[in-house]
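Residue-level structural notes
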Protein chains: 4
Amino acid sequence: MSHEQARRILDAGIAKAEEIGQPMNIAVVDDGGHLVAFGRMDGAIRASIDISTRKAVTSVLMNAPTAALTDLVQPGAELYGLEHTAGGMVAFGGGIPLHRDGELVGAVGVSAGSVAQDVAVATAAAAALDS
Amino acid sequence: MSHEQARRILDAGIAKAEEIGQPMNIAVVDDGGHLVAFGRMDGAIRASIDISTRKAVTSVLMNAPTAALTDLVQPGAELYGLEHTAGGMVAFGGGIPLHRDGELVGAVGVSAGSVAQDVAVATAAAAALDS
Amino acid sequence: MSHEQARRILDAGIAKAEEIGQPMNIAVVDDGGHLVAFGRMDGAIRASIDISTRKAVTSVLMNAPTAALTDLVQPGAELYGLEHTAGGMVAFGGGIPLHRDGELVGAVGVSAGSVAQDVAVATAAAAALDS
Amino acid sequence: MSHEQARRILDAGIAKAEEIGQPMNIAVVDDGGHLVAFGRMDGAIRASIDISTRKAVTSVLMNAPTAALTDLVQPGAELYGLEHTAGGMVAFGGGIPLHRDGELVGAVGVSAGSVAQDVAVATAAAAALDS
């Protein structure tokens, strides 16, 4: 995940966020879960600095979108409590792992809107990986 | 958020707490979530030192009253697990963000009574922002 | 340490800080090291929110002024590393334990100026315990 | 500190880092110490993600460049141990507070090169605040 790629992913997310009119925090991490690029748009809540970054890290650590974890961590479900492991993970949508040729190369995390909005922006951002 | 304003907000909260006969912890933070004034009334439980401060910080980080988070973080709800992000947030009532001319200028957090009492005291405190 | 006493100690510190022209963070804790009253004056640095509180807590934990620890924690001295124990302590001046009839009843911590200024303000604040 | 301003500061830092041939991590925070923009250039060490961000936060918390702290925290100096307070601060150069009309509006932190290089890049970045 080069800085140039991460910036392109970040900017694709910002463009989508502007299109839907919801300011966002957007984080792009490499395949080790380490931050490469981050932006907080004007008016986006500050709690989502951590949440967006943590969604991206979670996507790398689990090699799965964070939305895929939601059902698994509910009371009575198989992985109840998972989000308290590995330094703290996020189990609601907005984090998406990035793959190239089947290999994990990083992840993007988005937060500040509804979960549906976060996922929409993260999806648009992820699509810019090889654009 | 000047010290003089924060002290006025704190004292309005104390007056309301005395009126309802419930000793409270009351914290006032600036728009970055940094403490400006704090008071623990005689007989108020010590756990609420952290809870009141964390409610105020949560209100800044989310730019929302903590009472607005309660339904969102329940099992099965959209933001289940939210309170474990951003350094630890509180998702029950008693934290209220403070705005002036539409801008976030700080927050007040109250804890030690029932949630209804905490919200009542925080509301009275918040009303003193520009009194 | 009642809230009324803590507020009097805090206000005596604020008066001294205004007299010397150095805005301060001032924390008053009870004999368990739990916060009772806190104020951050306009212009006082935010790092000192934690430092002033930690000085007060350290004074209770050690039952000694924090200035008494400075020489003891230097490289080669007897308690080198002490400040990393007990949840993190501060080993430079500005924290003073408060006693009544030989019993520890709380402490005051002051931070944001030079160590000499912090000690001067903490000393003035402590003098208000039974004023 | 708007996102547009933070991005301009970040990009000015990147340009300087490219000029001196040292890849850097560069973080821009608002006046509450909350991240607004971040970039890690290709080849910059990962430890500096945290170090650059922490330098920016330290600059806000202390309202001072981190280089100004170096002498103060040495063994035997007045603030020995300071860097372990306030959630962990950095006491070597590369963090610079940003002011406008005498008011603190944020800070920039740079890390991955020598301290001299970090300071040079942070200085170039800071100069872009109102460019």
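Everything discussed here concerns the structure shown above.
Below is a summary of the structure that appears in this document. These figures come from a predicted structure and were not determined experimentally.

Before going further, it helps to spend a moment on the overall build of chain A. If you tally the helices and strands in chain A, you get 3 helices and 4 strands. What you see in chain A, going N to C, is helices and strands ordered as α-β-β-α-β-β-α. A compact globule built from 131 residues should have a C-alpha radius of gyration of about 14 Å, and chain A, at 13 Å, falls within 12% of that. Within chain A, contacts between residues separated by at least 24 positions form 62% of all contacts whose residues are at least 6 apart in sequence. Accessible area for chain A stands at about 4900 Å²; split by element, carbon and sulfur atoms hold 52% of it.

This paragraph deals with the packing of helix H1 (residues 3-20) of chain A against helix H1 (residues 3-20) of chain D. Viewed as axis vectors pointing N to C, H1(A) and H1(D) meet at an angle of 170°, and their least axial separation amounts to 15 Å. Taken together, the axes of H1(A) and H1(D) lie roughly antiparallel to each other. Residues A:His3, A:Arg7, A:Leu10, A:Asp11 and A:Ile14 of H1(A) lie in contact with H1(D), whose contacting residues are D:His3, D:Arg7, D:Leu10, D:Asp11 and D:Ile14. The residue makeup of the contact of H1(A) with H1(D), split by class, is 4 nonpolar, 2 polar and 4 charged.

Here we come to the sheet that holds strand S3 (residues 95-100) of chain C. Strand order in the open sheet formed by 8 strands is S3(B)-S4(B)-S1(B)-S2(B)-S2(C)-S1(C)-S4(C)-S3(C), and the pairing between neighbours is antiparallel. Looking at which strands have only one partner, the edges of the open sheet turn out to be strand S3 (95-100) of chain B together with S3 of chain C. Mean inter-strand twist for the sheet, computed between neighbouring axes without regard to direction, equals 15°. Contacts from helix H2 (residues 47-62) of chain C reach strand S2 (35-40) of chain B together with strand S1 (25-30), strand S2 (35-40), S3 and strand S4 (103-111) of chain C within the one sheet, and its direction differs from that of S4(C) by about 155°.

To continue, consider the relation of the copies chain B and chain D. Expressed as a screw operation, the relation of chain B to chain D combines 0.0 Å of axial shift with a rotation of 180°, fitting to an RMSD of 0.0 Å. What the rotation and shift describe, once combined, is the action of a two-fold rotation axis. Of every C-alpha in chain B, the one belonging to B:Gly32 sits nearest the axis of rotation, 2.0 Å from it. A shared interface surface links the copies, since 100% of the contact residues of chain B are contact residues in chain D too.

Between chain A and chain D, the contact holds 18 residues from the first and 18 residues from the second. For the chain A and chain D pair, buried surface summed over both sides reaches about 1500 Å², with 47% attributable to carbon and sulfur atoms. Counting across the interface, chain A meets chain D through 6 salt bridges. Here chain A and chain D share 15 residue pairs in polar contact (both at pLDDT 80 or more) between them. A total of 6 residues in the side of chain A that touches chain D trace back to one element, the largest contributor, which is strand S2 (residues 35-40) of chain A.

Note on the identical chains: chain A maps onto chain D by a rotation of 180° and an axial translation of 0.1 Å, with an RMSD of 0.1 Å. When the interface residues of chain A are mapped onto chain D, 100% of them again fall at the interface, so both copies present the same face.

Another aspect to go through is the environment of B:His3. Relative to the helices and strands, B:His3 resides in helix H1 (residues 3-20). Note: C-alpha distance between B:His3 and B:Val36 (33 residues apart in sequence) is 6.2 Å. In this view, B:His3 contacts B:Val36, C:Ile14, C:Gly39, C:Arg40, C:Met41 and C:Asp42; residues no more than four positions away in its chain are not counted.

Right, let's get into the pairing of strand S3 (residues 95-100) of chain D. All names here are of chain D. Judged from the 6 bridges that link them, S3 and strand S4 (residues 103-111) form a sheet pairing that is antiparallel. Across the sheet, Gly-95 pairs through a bridge with Gly-109, a residue of S4. In this antiparallel pair of consecutive strands, S3 and S4, the connection spans 2 residues, and Asp-101 shows a positive phi of 55°.

Judged by pairing direction, the sheet is antiparallel, and its 8 strands sit side by side in the order S3(A)-S4(A)-S1(A)-S2(A)-S2(D)-S1(D)-S4(D)-S3(D) without closing on themselves. The open sheet is flanked by strand S3 (95-100) of chain A together with S3 of chain D, the only strands paired with a single partner. Ignoring which end each strand starts from, the neighbouring axes of this sheet average 15° apart. Of the pairings in the sheet, the one linking strand S1 (residues 25-30) of chain A to S2(A) comprises 5 bridges and is antiparallel in character. Each residue of the ladder has a partner; that of A:Ala27, found in S2(A), is A:Phe38.

Once that is clear, we can look at the interface of chain B and chain D. Residue-level contacts link 4 residues of chain B with 4 residues of chain D. For the pair chain B and chain D, the number of links is 0 salt bridges.

Quick look at the side chain of B:Asp30 now. By the secondary structure assignment, B:Asp30 is in strand S1 (residues 25-30). The exposure class of B:Asp30 is buried, given its relative accessible area of 6%. Of note is the side chain of B:Asp30, whose polar atom sits 2.8 Å from the backbone nitrogen of B:Gly32. Leaving out residues up to four positions away in the same chain, B:Asp30 has contacts with B:Met1, B:Val36, B:Val60, B:Val105, B:Gly106, C:Arg40 and C:Arg46.

Time to look at the side chain of C:Ser111. All names here are of chain C. Note on placement: Ser-111 falls in strand S4. Taking the relative accessible area as the measure of exposure, Ser-111 reaches 4% and is therefore buried. A polar contact is formed between the side chain of Ser-111 and the side chain of Ser-48, at a distance of 2.7 Å. Setting aside residues up to four positions removed in sequence, Ser-111 forms contacts with Met-24, Asn-25, Ser-48, Ile-51, Ser-52, Lys-55 and Asp-118.

Criteria and thresholds
- Residues numbered from 1 in each chain as written.
- Chains lettered and ligands numbered in written order.
- Predicted model: local features only at pLDDT ≥ 70, side-chain atom pairs only at ≥ 80, totals over all residues.
- Heavy atoms only, no water.
- Helix = DSSP H or I, 4+ residues; strand = E, 2+ residues; numbered from the N terminus.
- Rg over C-alpha atoms; globule rule 2.2 N^0.38 Å.
- Contact = heavy atoms within 4.5 Å.
- Areas by Shrake-Rupley, 256 points an atom, 1.4 Å probe, with all protein chains shown as cover.
- Axes fitted to C-alpha atoms, helices over the stretch in contact; angles between N-to-C directions.
- Parallel < 35°, antiparallel > 145°, perpendicular 65-115°, else oblique.
- Nonpolar A, V, L, I, M, F, W, Y, C, P; charged D, E, K, R; others polar.
- Pairing = 2+ DSSP bridges.
- Least-squares fit on C-alpha atoms with pLDDT ≥ 70 in both.
- Buried area = accessible area lost by both parts, 1.4 Å probe.
- Salt bridge = Lys/Arg side-chain N within 4 Å of Asp/Glu carboxyl O.
- Polar contact = N/O pair within 3.5 Å; in protein donor to acceptor, adjacent residues only side chain to side chain.
- Buried < 20%, exposed > 50% of the residue type's maximum accessible area, 1.4 Å probe, protein only.

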